[in-house]
Amino acid sequence: MKKRIQSAAVTLLSVLLLCYVFFTPVGALRLSVFCHGYPIEAVTLRTREATVQDTGAVMNNPAHSTVYTITEHIPYEVPTGGELRNWIVYRFFVFHIAGYYGYG
C-alpha cells in the first residue's frame, strides 16, 4: 500500500512538472536553458519581454512567439565569451517551446 501511494505521488509530480515545462512560457524557457547546459541559471533566472534595445535589431519574430531577455543569472558561454541573454518562446496550440534568439 505504501509503495502504491509513493508511486502515485511520483506520477502526479511528474505530470505537474511536465505541464509547467510545456504549458507555460517561463517553464519552456527554463527547460531550454537547462538543456543548453546551464542548470543553475535555469533555476534562478529572471526574465522580461525583450525590446528593440535588448536585441539590438528589429525584431521580426514569427507569429505566436515572444522574445524574452534574461535579466538576472544570465548564462555565460565560455568558448565565445558571450552572454546568452535573449531567448525566443514559440507557442504551438497550448504547448510552448523555447530556443536561443541571438545577439543582444
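## Considerations on the sheet that holds strand β1 (residues 46-49)
Reading across from one edge, β1-β2-β5-β6 is the order of the four strands in this open sheet, with antiparallel pairing throughout. In this open sheet, the two edge strands, each paired with only one partner strand, are β1 and β6 (95-102). On average, adjacent strands in this sheet sit at an angle of 35 degrees to one another, irrespective of strand direction. Bridge analysis of strand β2 (residues 65-72) against strand β5 (residues 86-92) gives five bridges, and the strand direction is antiparallel. Bridge assignment links Thr69 to a residue of β5, and that residue is Asn86. Against the sheet, helix α2 (residues 25-35) engages β1, β2, β5 and β6, with an angle of about 55 degrees to β6.

## Focus on the side chain of Asn86
Take Asn86: it is sitting in strand β5. According to the relative accessible area criterion, Asn86 is buried, its value standing at 0%. A distance of 2.9 Å separates a polar atom in the side chain of Asn86 from a polar atom in the side chain of Thr69.

Analysis parameters
Sequence order as written defines residue numbering, which begins from 1 separately in each chain. Given that the model is predicted, a residue must reach a pLDDT of at least 70 before its local features are reported, and side-chain atom pairs must reach 80 or more before they are shown or counted; all residues, however, enter totals for whole chains, interfaces and linings. By convention in this description, side-chain values take in all heavy atoms of the structure and omit both hydrogens and water. Strands qualify as paired when DSSP identifies two bridges or more between them. Secondary structure elements follow DSSP: runs of H or I of four or more residues count as helices, runs of E of two or more count as strands, with numbering from the N terminus. A fitted line through C-alpha atoms serves as each axis, taken over the contacting stretch for helices, and the angle formed by two N-to-C directions is quoted from 0 to 180°. In this analysis, two residues are considered to be in contact whenever any of their non-hydrogen atoms come within 4.5 Å of each other. Any residue under 20% of the maximum accessible area for its type is buried, any over 50% is exposed, and the rest in between are partly exposed; the area is computed with a 1.4 Å probe on protein chains only. Definition of a polar contact: a pair of N or O atoms within 3.5 Å, with one able to donate and the other able to accept a hydrogen when the atoms are protein atoms, and with sequence-neighbouring residues admitted only if both atoms are side-chain atoms.

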